[in-house]
Amino acid sequence: MLAAYAARTDPDDPVGALEVAERPEPGSRAGWTTVTLKAASLNHHDLWSLRGVGLPADRLPMVLGCDGAGVDEDGHEIIVHSVVASDGWSGDETLDPARSLLSELHDGTLAERVSVPRANLVPKPQAMSWETAACLPTAWLTAYRMLFTNADVAPGSTVLVQGAGGGVATALVQLGSAAGLRMWVVTRDETKADRAAEIGADRTFPSGARLPERVDAVMESVGAATWSHSVNSLNPGGTIVICGATSGDAPVKAELTKIFFRQLRVVGSTMGTREELGRLARFVTDRQIQPVVDSVRPLAQAREGFARMAGGDVFGKVVFTVG
Ligand SMILES: NC(=O)c1ccc[n+]([C@@H]2O[C@H](COP(=O)([O-])OP(=O)(O)OC[C@H]3O[C@@H](n4cnc5c(N)ncnc54)[C@H](OP(=O)(O)O)[C@@H]3O)[C@@H](O)[C@H]2O)c1
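Treat the numbers as computed from the prediction; the structure is a model and nothing was measured.

## Some thoughts on the domain arrangement of the protein
Consideration 1: In terms of domains, the protein is made up of domain 1 (2-124 + 292-321) and domain 2 (139-268).
Consideration 2: For domain 1 versus domain 2, the separation of C-alpha centres amounts to 27 Å.
Consideration 3: Of the residues lining the interface, 14 residues belong to domain 1; the matching set on domain 2 comes to 16 residues.
Consideration 4: On the domain 1 side of the interface with domain 2, the three residues burying the most area are Val292, Phe315 and Lys317, jointly 48% of the side's total.

Given below as structure tokens:
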């Protein structure tokens, strides 16, 4: 079958480590099922994998991809939940210390077929397109949990999003705006600021700008480059929810004094549960949210999609059609 996979890893040239070529069909495994994919989408996680972050050499070659939607062996249209719990784990799978995402231990979704635990199948709402379904399992699920599980905000609260164009950033703005939150966005790029406003941002600001007032929560996925701004932008008692550190995880200043003196909460957030993915799918359908898609290409052209994300110029999700 055709797949996009890490043949090797390269911290400096991740796209050069990508192969788009034939791989063996997935094998069968008790409790797992094979999904024939219709669409898949890219996450920054796929670039981290190609750089060797979380993907040691002894697991190569590895089919990439955490996001996908397709048809299971019984003909049901499904969304693939990407968090694979270890055998015997019960409860919130994101808290399982031995959990993995598809493409970390087991081949991922950038392929014609993928093997997944039966428990990881989430029914796709009939009205939902394959492209929309393929956007939800990682960036959108992460944004959903950041806002609705971890941020401690309510309709009318002001929420600041660091970054505008990323998969997580666009999902945060679209979800928050649909839920009645006041969404403010900080971006490096004026054009992306305009686009953020078009998809529901109430206000946009250039990087590092002093805000007209402090916010109730900050959604952080950028890391070192924006950390001090996030801390300085928050009301006393407010919450920073952090899910990533694209620009590095060692900020020049940790801002510890401000964090304790203003009693800020710093909450780590990773993916979400299968139940949250089901609720997200329903919310997106009921509110008729169309996830912003940067571009759609056939899987055979995966390299161009990876290069686009590596160039840092995406606005929304990079989607691949399969089959
Ligand atoms: N913990 C989890 O479960 C989880 C899940 C999903 C993602 N993540 C992580 O979250 C991060 C974002 O993921 P993604 O898929 O949304 O990536 P992406 O689509 O590549 O987006 C990158 C985002 O980072 C911003 N950015 C990058 N470098 C920046 C800098 N130096 N200064 C300011 N902004 C910068 C961009 O802002 P502009 O639009 O302003 O250019 C853009 O919004 C990644 O690190 C990823 O690994 C974690």
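## Concerning the environment of Ala7
Consideration 1: With respect to the secondary-structure elements, Ala7 resides in the loop between β1 (2-6) and β2 (18-22).
Consideration 2: For the pair Ala7 and Met62, spaced 55 residues apart in sequence, the C-alpha separation works out to 6.9 Å.
Consideration 3: Filtering out sequence-adjacent residues up to four positions away, Ala7 remains in contact with Ala17, Glu19 and Leu60.

## Digging into the pairing of strand β12 (residues 182-187)
Consideration 1: β12 sits mainly inside the fold: 5 of its 6 residues count as buried.
Consideration 2: Bridging between strand β11 (residues 158-162) and β12 involves 5 bridges; their strand directions are parallel. Paired with Val161 across the two strands is Val185, which belongs to β12.
Consideration 3: Sheet analysis places β12 next to strand β13 (residues 203-206), joined by 4 bridges and oriented parallel. From the neighbouring strand, Trp184 faces β13, where its bridge partner is Arg203.
Consideration 4: A crossover links β12 with its parallel partner β13, the connecting element being helix α4 (residues 190-198), and its sense is right-handed.

## Looking at the site of the ligand
Consideration 1: Neighbouring the ligand are 26 residues, the closest being His44, Gly165, Thr187, Arg188 and Thr246.
Consideration 2: Backbone polar atom of Ala164 to an oxygen atom of the ligand: 3.1 Å apart, as the coordinates give it.
Consideration 3: Lys192 is positioned such that a nitrogen or oxygen atom in its side chain is 2.9 Å from an oxygen atom of the ligand.
Consideration 4: Starting from 930 Å² of accessible surface for the ligand in isolation, the protein chains cover 87%.
Consideration 5: Contributing elements (two or more residues each) for the shell around the ligand: α1 (44-51) and α3 (167-178).
Consideration 6: The element best represented in the shell around the ligand is α3, accounting for 3 residues.
Consideration 7: Along the lines of polarity and charge, the residues of the shell around the ligand split into 11 nonpolar, 13 polar and 2 charged.
Consideration 8: A domain split of the shell around the ligand shows at least three residues from each of domain 1 (2-124 + 292-321) and domain 2 (139-268).

What counts and what doesn't
- Residues numbered from 1 in each chain as written.
- Predicted model: local features only at pLDDT ≥ 70, side-chain atom pairs only at ≥ 80, totals over all residues.
- Heavy atoms only, no water.
- Domains from an automatic or database assignment.
- Contact = heavy atoms within 4.5 Å.
- Buried area = accessible area lost by both parts, 1.4 Å probe.
- Helix = DSSP H or I, 4+ residues; strand = E, 2+ residues; numbered from the N terminus.
- Buried < 20%, exposed > 50% of the residue type's maximum accessible area, 1.4 Å probe, protein only.
- Pairing = 2+ DSSP bridges.
- Right-handed = clockwise from strand over helix to strand, strands pointing away.
- Near = heavy atom within 4 Å.
- Polar contact = N/O pair within 3.5 Å; in protein donor to acceptor, adjacent residues only side chain to side chain.
- Areas by Shrake-Rupley, 256 points an atom, 1.4 Å probe, with all protein chains shown as cover.
- Nonpolar A, V, L, I, M, F, W, Y, C, P; charged D, E, K, R; others polar.

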